[in-house]
Amino acid sequence: MVEAAENTDKTAEETLGAEKLLKIGYDGVVADEAIAGGGSTACVAVGKGNGSFQVANLGDSGFVQLRLNAVHYYSNPQTHAFNTPYQLSIIPPKILARSKLFGGQPLSDYPRDASVTDHQVRHGDVLVFATDGVWDNLSSVDLLRIVSRHMTSFQAWQVGEKGLEVSDHIRDLTSEGGIPKEHENTLQTLLAVTITGEAKMASLNTKRDGPFAREVKRFYPGEDYHGGKVDDICTVVAIVVER
């Protein structure tokens, strides 16, 4: 996908969309003989210089767009049933044969099944893309709390004459070395690491009910499920800066 994005003609009339980019990645994996089988959700975004961006989200990964201490947009998960997300899959022939013998059909989704949405960003917006290990344990409001705390403490967002505003410091904070840390030395990296850490702690907490626990109670009221849900956790953060 990276190679396809880098080789795209930026001046072409028909630019590379998020769903097409997702399909290129999927086709590449399917064609790789070293990969016998497996499945994955996906969340792919393509941005343009005019501030527009498109997202293709398939399954229960997802993203949230935050703007000056508010949740501007959040994606909804795609599921076949409770805890059964859409997934791009390679199903080994043996499993297909077994399913045919005993009945039933393994779930398999394709890039065309992704939810494709178009958005517009502003200077100072924060975009958080994450896997279900984050969303099962932290809500969009939880993420807003984490992001706002750091954006205001580093004065990337600060109170001005018209209320909360984007400060001029944001350009330095998002540049390499903008944060005085050895590894998390940009504000966006620090946010990604912090969100990942908080999601992990929430997943191991047996007393605090997160979004997944609340969904269990909604679908299965008789289940005595409490706490977080241990799952894969990956977070990518982008901060929009006007140059």
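Everything that follows concerns the structure shown earlier in this document.
Here is what the cut-offs are and how they apply
- Residues numbered from 1 in each chain as written.
- Predicted model: local features only at pLDDT ≥ 70, side-chain atom pairs only at ≥ 80, totals over all residues.
- Heavy atoms only, no water.
- Helix = DSSP H or I, 4+ residues; strand = E, 2+ residues; numbered from the N terminus.
- Buried < 20%, exposed > 50% of the residue type's maximum accessible area, 1.4 Å probe, protein only.
- Pairing = 2+ DSSP bridges.
- Axes fitted to C-alpha atoms, helices over the stretch in contact; angles between N-to-C directions.
- Contact = heavy atoms within 4.5 Å.
- Expected span 1.5 Å × (residues − 1).
- Arc of directions from axis to C-beta.
- Left-handed = near helix turned anticlockwise from the far one by under 90°.
- Nonpolar A, V, L, I, M, F, W, Y, C, P; charged D, E, K, R; others polar.

Chemist: What am I meant to see in unusual backbone geometry here?
Modeler: Generally, phi is negative for residues other than glycine and the peptide bonds are trans, each holding for most cases. Residues other than glycine seldom take positive phi values, yet Asn69 does so here, at roughly 65°. For Asn69, the location among the structural elements is in the loop between β4 (62-66) and β5 (71-74). Asn69 sits in the partly exposed class, given a relative accessible area of 44%. The backbone of Gln155 sits at a positive phi, close to 60°, despite the residue not being glycine. Among the structural elements, Gln155 can be located in the loop between α5 (140-153) and β11 (157-160).

Chemist: Explain the sheet that holds β5 to me, please; I cannot follow it from the model alone.
Modeler: Within a sheet, each strand pairs with its neighbour through backbone hydrogen bonds, oriented either parallel or antiparallel. Spatially, 4 strands are ordered β5-β4-β10-β13 in an open sheet, and the strand pairing comes out antiparallel. Each edge of the sheet is formed by a strand with only one pairing partner; in this case those strands are β5 and β13 (235-239). Averaged over all pairs of adjacent strands, the angle between strand axes in this sheet comes to 15°, irrespective of strand direction. Two strands pair when backbone bridges link them, and strand β10 (residues 126-130) and β13 are joined in this way by 5 bridges, in the antiparallel orientation. Counterpart to Val128 in the pairing with β13 is Val237. Lying over the sheet, helix α7 (residues 187-204) contacts β10 and β13, oriented at roughly 150° with respect to β13.

Chemist: Help me out: how do you make sense of helix α2 (residues 18-31) in this one?
Modeler: Turn by turn, an α-helix covers 3.6 residues, leaving residues three or four places apart pointing in a common direction. Between its first and last C-alpha, α2 extends 20 Å over 14 residues, near the 20 Å set by a 1.5 Å rise per residue. All of the buried residues in α2 are Ala18, Leu21, Leu22, Gly25 and Tyr26. Down the axis of α2, the buried set is contained in an arc of 135°. They therefore lie on one face.

Chemist: Help me understand α7 in this model?
Modeler: Here α7 is 18 residues long and its end C-alpha atoms lie 26 Å apart, about the 26 Å a rise of 1.5 Å per residue gives. Three or more residues of α7 are buried, namely Leu187, Gln188, Leu190, Leu191, Ala192, Thr194, Ile195, Glu198, Ala199, Ala202 and Ser203. In this structure, the buried residues of α7 make contact with β10, α4 (132-135), α5, α6 (170-173) and β13.

Chemist: How should the side chain of Thr235 be read in this particular structure?
Modeler: Structurally, Thr235 is set in strand β13. Judged by relative accessible area, Thr235 falls into the buried class, the value being 11%. Residues within four places of Thr235 in sequence aside, it is in contact with Val128, Phe129, Ala130, Val134, Ala192, Ile195 and Thr196.

Chemist: What should I look at first to understand the sheet that holds strand β3 (residues 52-58) in this one?
Modeler: Strand order in the open sheet formed by 3 strands is β2-β3-β9, with antiparallel pairing between adjacent strands. Of all strands in the sheet, those bounded by a partner on one side alone are β2 (42-47) and β9 (115-120). Sheet twist, expressed as the average angle between the axes of neighbouring strands with direction ignored, equals 20°. Two elements, β3 and β9, share 6 bridges in a ladder whose sense is antiparallel. Pairing of Phe53 across the sheet is with His119, part of β9.

Chemist: Just to check I follow, could you spell out the packing of α5 against α7 for this structure?
Modeler: How two helices sit against one another is set out by the angle between their axes and by the gap between those axes. At a closest axis distance of 10 Å, the pairing of α5 and α7 adopts a crossing angle of 140°. Read as a crossing pair, α5 and α7 show a hand that is right-handed. Mapping the contact onto sequence places Leu143, Arg145, Ile146, Val147, Arg149, His150 and Met151 in α5 and Leu187, Leu190, Leu191, Thr194, Ile195 and Glu198 in α7. In terms of residue class, the contact of α5 with α7 is built from 8 nonpolar, 2 polar and 3 charged.

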